[in-house]
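Notes for the structure review
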Protein chains: 2
Amino acid sequence: MKVLIVYAHPEPLSLNGSLKNSAVRILQENGHEVVVSDLYQMQWKAAADENDFSSYTPGNRLFYSREAREALANGTLSAAVMTEQEKIRWADTILFVFPLWWFSMPAIMKGWVDRVFSAGFAYGIKQRYGIGNLSGKKVMLMVTTGGMEENYLEKGGINGSMSDLLFHIHHGICWFTGAASLPPFVVYSADRLTEDKYPAVETALEERLLTMDTTPVLPFRYSNSGDYDEKDVLLPHLAAGKQGFALHLREELPLQEMIDTDTAAAIDEQRK
Amino acid sequence: MKVLIVYAHPEPLSLNGSLKNSAVRILQENGHEVVVSDLYQMQWKAAADENDFSSYTPGNRLFYSREAREALANGTLSAAVMTEQEKIRWADTILFVFPLWWFSMPAIMKGWVDRVFSAGFAYGIKQRYGIGNLSGKKVMLMVTTGGMEENYLEKGGINGSMSDLLFHIHHGICWFTGAASLPPFVVYSADRLTEDKYPAVETALEERLLTMDTTPVLPFRYSNSGDYDEKDVLLPHLAAGKQGFALHLREELPLQEMIDTDTAAAIDEQRK
């Protein structure tokens, strides 16, 4: 595999830093190629603005996505953005390693998405949800939470279920561009993970990383599958009896179960 | 009212810029006090890092939220963060004005939340979901989307429903701190909104802004309501028959309906 790791944590000694280092080591030892974008170390500019385009004429009204589309065509995207896009073109697999802050990515990583997944590069007008420009690539989120796993349970965890909370990333960001997501690798109660428990986490991570080829991806619907009508609304017979984001899964698979089983359970097992 | 407007768009001439300007004008003309945090103009630093604490000792392992809690107590948060927190203490109402990028806030605004809603300031360990430090304040999101309203329909819009997509902000960010959200003011198909249609949008906005006192807030459950057990999992009888984020609404109110009716319908009506 050719793996791009996009990593965001301000502290190299953090659990996230350890997970990133473990992923690099495990993948390389197994013959895979790895490139890391360490966003804090790179001092990644988070704000999408006119400085992303060397072709921008000061004083003109900025239409960001239109400008991005033209800049991509003309080679006038900023060097920083072009470098990241080149890494994505190279990679067949992208790992996002981050702490869940306010139930989403840290701002610096959101800024990587806002700027790098630009119009024309990551998606086109009729190219979205499974058929975008990043089709064929796989993504896996590696996420840590301060909160306990119970807070993220599908049936009533107070934060909302992890699968619903990550939907805006799995479906709205990744699948939008065509990239399919593997079930995320989630480490709950990160603050209470003592050093002696880390080997169990690393073992669980190794198993996940080395089975990415055969692990089923989250089965979101393709935009061109015929499941949606001409206004991109799900056909009524497919929506019957479903609520919320579960509408957009093409199979009767228990999404939360896919998420829960492989990571948390494996870690819990080894913690005992 | 004392209104803080947190605004994020790189282009002052954008629809978002116009909405922000309209909100300021309408509120002031009606005797309300307004303070604006224009994040792009302020060149707001999005990345949460050790520079947020003048008390941080270089070389120490950074535990961000612990450091933030101590810095708040000791008055050693960065001046930029303290200034924003003071605006929040002053305000009884906060408006977030932003384009929906990748189904969430622009990175620069996420970075405002990551840094300003710090541990100890915006929430405490047992203070969350309705009983946080920002209890009593009201929030309203003013959001624009490139996509059509149909793409965000509750029953099968391809992006997921707007109420579910905004849950991580309404519930996960605002309600977490105690602040209750009014139904958002959403302008769909922003790119196709021609200048001659703007007055209708502004009229709809005016009606929303001047009825904030009497508009029901989104009825999320309080963490201390008895609806959740000791592990913060919703009691089974309250979860029966519900799926997804709807579990966390304390009344049988159709959330999407609250969102749809007042904004989009009003605008559509006036567009005719």
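Residues numbered from 1 in each chain as written. Chains lettered and ligands numbered in written order. Predicted model: local features only at pLDDT ≥ 70, side-chain atom pairs only at ≥ 80, totals over all residues. Heavy atoms only, no water.

The next subject is the nonpolar core. In this structure, F96, W112 and F117 of chain A together with F96, W112 and F117 of chain B are the most contacted members of the largest nonpolar core, which totals 128 residues. With near-sequence residues (within four places) excluded, F117 of chain A lies in contact with I88, F96, W112, A122, Y123, L134, I173 and T177 of chain A together with W102 of chain B. (Core = buried A, V, L, I, M, F, W, Y, C linked by side-chain atoms within 4.5 Å. Buried < 20%, exposed > 50% of the residue type's maximum accessible area, 1.4 Å probe, protein only. Contact = heavy atoms within 4.5 Å.)

All told, the structure shown has 33 aromatic pairs over all chains when counted by the stated rule. Between W175 of chain A and F220 of chain A, the aromatic rings sit 6.5 Å apart at their centres with planes inclined by 45 degrees, giving tilted as the arrangement. Of this pair, W175 of chain A sits in the loop between α6 (167–174) and β5 (180–181) while F220 of chain A sits in the loop between α7 (198–209) and α8 (236–239), and the two are 45 residues apart along the sequence. There is no split in this pair, since W175 of chain A and F220 of chain A are both buried. Grouped by ring-pair contacts, the aromatic residues F96, W112, F117, Y123, Y129 and F176 of chain A together with W102, F103, Y152 and Y188 of chain B constitute a single cluster. It is K20 of chain B that lies over the ring of Y7 of chain B; its NZ or CZ is 4.9 Å from the centre. (Phe/Tyr/Trp six-rings, centres within 6.5 Å; stacked < 30°, edge-to-face > 60°. Helix = DSSP H or I, 4+ residues; strand = E, 2+ residues; numbered from the N terminus. Lys NZ or Arg CZ within 6 Å of the ring centre and 35° of its normal.)

Here we come to the relation of the copies chain B and chain A. When chain B is brought onto chain A, the operation consists of a screw motion whose angular component is 180 degrees and whose axial shift is 0.0 Å, with 0.0 Å RMSD remaining. Overall, the copies show the geometry of a two-fold rotation axis. The C-alpha atom lying nearest the rotation axis in chain B is that of A107 of chain B; the distance is 2.4 Å. Here 100% of the contact residues of chain B are again contact residues in chain A; the copies associate through an equivalent surface. (Least-squares fit on C-alpha atoms with pLDDT ≥ 70 in both.)

Contacts between the two partners involve 66 residues from chain B, matched on the other side by 66 residues from chain A. In total, chain B and chain A occlude about 5200 Å² of area from one another, counting both sides; carbon and sulfur atoms represent 62% of this. On the chain B side of the contact with chain A, W102, I158 and Q243 of chain B bury the most area, a combined 17% of that side's loss. At the junction of chain B and chain A, the tally comes to two salt bridges. A salt bridge links E150 of chain B to K231 of chain A; the shortest N-O distance between them is 3.5 Å. Elements that contribute at least two residues to the side of chain B that touches chain A include exactly α4 (107–116), α5 (162–165) and α6 (167–174) of chain B. Looking at the side of chain B that touches chain A, the element that brings in the most residues is α4 of chain B, giving six residues. Among the residues forming the side of chain B that touches chain A, the class breakdown is 33 nonpolar, 19 polar and 14 charged. (Buried area = accessible area lost by both parts, 1.4 Å probe. Salt bridge = Lys/Arg side-chain N within 4 Å of Asp/Glu carboxyl O. Nonpolar A, V, L, I, M, F, W, Y, C, P; charged D, E, K, R; others polar.)

The next subject is unusual backbone geometry. All names here are of chain A. Phi at W102 is positive, roughly 50 degrees, even though this residue is not glycine. Summarising the element assignment, W102 is placed in the loop between β3 (93–99) and α4 (107–116). Even without being glycine, S189 reaches a positive phi, approximately 50 degrees. On the secondary structure map, S189 appears in the loop between β6 (185–187) and α7. On the basis of relative accessibility, which here comes to 15%, the residue S189 falls in the buried class.

For the rest of this paragraph, the subject is α6 of chain B. The buried fraction of α6 of chain B is high, at eight of eight residues. Those residues of α6 of chain B lying buried are F167, H168, I169, H170, H171, G172, I173 and C174 of chain B.

Below, the discussion takes up α4 of chain A. Taken across its ten residues, α4 of chain A has ten buried, putting it largely inside the fold. Among the residues making up α4 of chain A, those that are buried are A107, I108, M109, K110, G111, W112, V113, D114, R115 and V116 of chain A. Looking at the buried side of α4 of chain A, the elements it contacts are β1 (2–7), α2 (64–74), α3 (79–90), β3 and α6 of chain A together with α4 of chain B.

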